[in-house]
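Remarks on the overall topology
Letter by letter, the chains look like this.
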Amino acid sequence: MVEPIIGLIFILAPLDPRLRSQLREDVSIVVGVMILLSGMSTRWRLSVVKLIPLRVQHMTDVLIGIVCLVAPFVLGFSDETAPIVSSWS
């Protein structure tokens, strides 16, 4: 039930003036959309469309977590404090 909030945080994070890089903005928005889509399409009581099993949704959450942990190092902003904090929010 927290997924819509977390997804919106990722989508709105590029509005932060400290996070001004097109690649970082794109990654944040894509991750936010993935969180929203996986949450809305899970076979669960409060989902909008019941398409994917709960186990697949959990695997999607793990994959999104790994992407969020690896992205600062792969995309080259691991030495900057503000984007890392924004990426982990």
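It should be noted that the structure appears before, not after, this text.
Residues numbered from 1 in each chain as written. Predicted model: local features only at pLDDT ≥ 70, side-chain atom pairs only at ≥ 80, totals over all residues. Heavy atoms only, no water.

**So, the packing of helix H1 (residues 3-12) against helix H2 (residues 22-40)**
- Relative to each other, H1 and H2 sit at 165°, their axes nearing to 7 Å. One way to sum up the angle between H1 and H2 is to call them roughly antiparallel. Both H1 and H2 take part in a crossing whose hand is left-handed. Contact with H1, carried on its side by Glu 3, Pro 4, Ile 6, Gly 7, Phe 10 and Ile 11, involves Ser 28, Ile 29, Val 31, Gly 32, Val 33, Ile 35, Leu 36 and Gly 39 of H2 and no other residues of that element.
- Broken down by class, the residue content of the contact of H1 with H2 amounts to nine nonpolar, four polar and one charged. (Axes fitted to C-alpha atoms, helices over the stretch in contact; angles between N-to-C directions. Helix = DSSP H or I, 4+ residues; strand = E, 2+ residues; numbered from the N terminus. Parallel < 35°, antiparallel > 145°, perpendicular 65-115°, else oblique. Left-handed = near helix turned anticlockwise from the far one by under 90°. Contact = heavy atoms within 4.5 Å. Nonpolar A, V, L, I, M, F, W, Y, C, P; charged D, E, K, R; others polar.)

**Some points on the side chain of Glu 3**
- You can see Glu 3 is positioned in helix H1.
- Here the side chain of Glu 3 touches Gln 57 through a polar contact of 2.2 Å, side chain to side chain.
- Here Glu 3 is in contact with Ile 35, Leu 36, Gly 39, Gln 57 and Asp 61, once residues within four sequence places are set aside. (Polar contact = N/O pair within 3.5 Å; in protein donor to acceptor, adjacent residues only side chain to side chain.)

**Quick notes on the nonpolar core**
- Membership of the largest hydrophobic core is limited to five residues, which are Phe 10, Val 31, Ile 35, Ile 64 and Cys 68.
- Contributions of two or more residues to this core are made by H2 and helix H3 (54-74).
- Apart from residues no more than four positions distant in its own chain, Val 31 is found in contact with Phe 10, Ile 64, Val 67 and Cys 68. (Core = buried A, V, L, I, M, F, W, Y, C linked by side-chain atoms within 4.5 Å. Buried < 20%, exposed > 50% of the residue type's maximum accessible area, 1.4 Å probe, protein only.)

**A short note on H3**
- In a regular helix each residue adds 1.5 Å, so 21 residues correspond to 30 Å; H3 covers 29 Å between its end C-alpha atoms and thus fits that length.
- Of all the bends in H3, the largest measures some 25° and sits at Cys 68, one to four residues before the proline Pro 72.
- Along H3, the residues classified as buried are Gln 57, Thr 60, Ile 64, Cys 68, Ala 71 and Pro 72.
- Directly beyond the C-terminal end of H3, a positive phi value near 85° is found at Gly 76. (Expected span 1.5 Å × (residues − 1). Bend = angle between axes of the 7 residues up to and from the residue.)

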